[in-house]
Amino acid sequence: MIASDVELGDGVVLCQPDLINLYGCRIGSGTRVGPFVEIQKDVEVGSNCKISSHSFLCSGVALEDGVFVGHGVMFVNDKYPRATAAEGSLQTENDWTCLPTTIRRNASIGSHATILGGVTVGEHALVGAGAVVTRDVPDYAIVAGVPARVIGDARTKTDSVRHETSEYVMNL
């Protein structure tokens, strides 16, 4: 379902649009959105991003230009999620605080990572598959694990760094 309040830039590609839920969001030019993706209201997606299948971008998320989101990535926008308010009625938007999350330009988020609300992932940073990001990630950092920790620098592109990163992730 693509709601009427969605703003799509030029050249946006929606793979299998009948399998995508978009409402109240803005998606920049040249971005590609895979099937089984949900992007909620008040989400801003920059230009030339790639959002892979089965990912969930909740309200409060902002992706800058050139961001890669792997398969099954989950964003969280509430530190204290509850179904009901103190008196027992279902919560409304007035009963909780939506935490903003920013993914800076050219960052990459690996498959099945979880990004908690209120964090910023820096420019060109790389979040490893399955990581749980609980705090800000510096520019160019490579993070992995639960909780995610810095294990390298994305500006270092040697085989030894890639090997050490893979070995670290496999030993978690």
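Report follows, based on the coordinates. (Residues numbered from 1 in each chain as written. Predicted model: local features only at pLDDT ≥ 70, side-chain atom pairs only at ≥ 80, totals over all residues. Heavy atoms only, no water.)

Here we come to the environment of Gly118. Here Gly118 lies in the loop between β15 (114-115) and β16 (120-121). Using a relative accessible area of 43% as the deciding quantity, one classes Gly118 as partly exposed. For the pair Gly118 and Ser53, spaced 65 residues apart in the sequence, the C-alpha separation amounts to 24 Å. Beyond its immediate sequence surroundings of up to four residues, Gly118 is in contact with Leu99, Pro100, Thr101 and Asp136. (Helix = DSSP H or I, 4+ residues; strand = E, 2+ residues; numbered from the N terminus. Buried < 20%, exposed > 50% of the residue type's maximum accessible area, 1.4 Å probe, protein only. Contact = heavy atoms within 4.5 Å.)

Bringing unusual backbone geometry into the picture now. With an omega of -5°, the peptide bond between Val146 and Pro147 qualifies as cis. Within the fold, Pro147 resides in the loop between β19 (141-144) and β20 (149-153). For Asn48, which is not glycine, the phi dihedral falls at a positive 55°. Relative to the helices and strands, Asn48 resides in the loop between β7 (44-45) and β8 (50-51). Of note in this structure, His112 is not a glycine but carries a positive phi near 65°.

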